[in-house]
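Here is what each chain is made of, one letter per residue.
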Amino acid sequence: QVRLVESGGGLVQSGGSLRLSCEASTLTFRSYAMGWFRQAPGKEREFVAAVSWSGDNVNYADSVKGRFAISRVNRRNTAYLQMNSLKPEDTGVYYCSVNLDGVAVPSLDRYRYWGQGTQVTVSS
């Protein structure tokens, strides 16, 4: 069992920035890929970004490329999502999850264990 805790969400104006954190309670954090997903009201959960177990490979949804950056610090059991140039369409609940394969893939069904999420609201 892996427990994930997201933090860092909030209300920000369009064009602003936020940094999300995801802390994992597992001794094998460095073996897992980490992914960020988001869910807007009335919509399905969608892939945002992922980072491989080593941090060497990353993957982004087209909608966030050039604006968001995912990273991880294995000694802290923590993954981050730096979000810049935020838009109202980025609004939603952001979740982190782990891919036990260690690969930064965008497929939601490859991920296991989810945190409670953190709300991001971008006003226009």
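The preceding data block contains the structure.
Since the structure is predicted, the reported quantities are computational estimates derived from the model, not experimental observations.

A. Highlighting the packing of aromatic side chains. Under the defined criterion, the tally for this structure stands at four aromatic pairs. An angle of 70° between the planes, with centres 5.7 Å apart, marks the rings of Phe37 and Phe47 as edge-to-face. Separated by 10 residues along the polypeptide, Phe37 in strand 4 (residues 33-39) and Phe47 in strand 5 (residues 46-51) bring together distant segments of the chain. For Phe47, a relative accessible area of 14% puts it in the buried group. The exposure class assigned to Phe37 is buried, which follows from its relative accessible area of 0%. Among the aromatic residues, those joined into a cluster by ring pairs are Phe37, Phe47, Tyr95, Tyr111 and Trp114. Directly above the ring of Trp114 sits Arg45, whose terminal nitrogen or CZ lies 4.8 Å from the centroid.

B. Structural view of the environment of Lys43. Tracing the backbone through its elements, the reader meets Lys43 in the loop between strand 4 and strand 5. Remark: the alpha-carbon pair of Lys43 and Gly92, spanning 49 residues in sequence, is separated by 9.5 Å.

How each quantity is defined
- Going along each chain's sequence as written, the residues are numbered from 1 onward.
- Reporting of local features is limited, given that this is a predicted model, to residues whose pLDDT is at least 70; pairs of side-chain atoms are given and counted only at 80 or more, and all residues count toward the totals for whole chains, interfaces and linings.
- Derived side-chain values reflect all non-hydrogen atoms in the structure, with water molecules and hydrogen atoms excluded from consideration.
- Any two of the Phe, Tyr and Trp rings considered here, Trp counted by its six-membered ring, make a pair once their centres fall within 6.5 Å; the pair's planes then place it as stacked at under 30 degrees, edge-to-face at over 60, or tilted in between.
- Strands here mean DSSP runs of E at least two residues long; helices mean DSSP runs of H or I at least four residues long; both are numbered from the N terminus.
- For each residue, the accessible area found with a 1.4 Å probe, counting protein chains only, is set against the maximum for its type, and the residue is called buried under 20%, exposed over 50%, and partly exposed in between.
- Put simply, a charge is over a ring when the Lys NZ or the Arg CZ is close to the ring centre, within 6 Å, and near the line of the ring normal, within 35 degrees.

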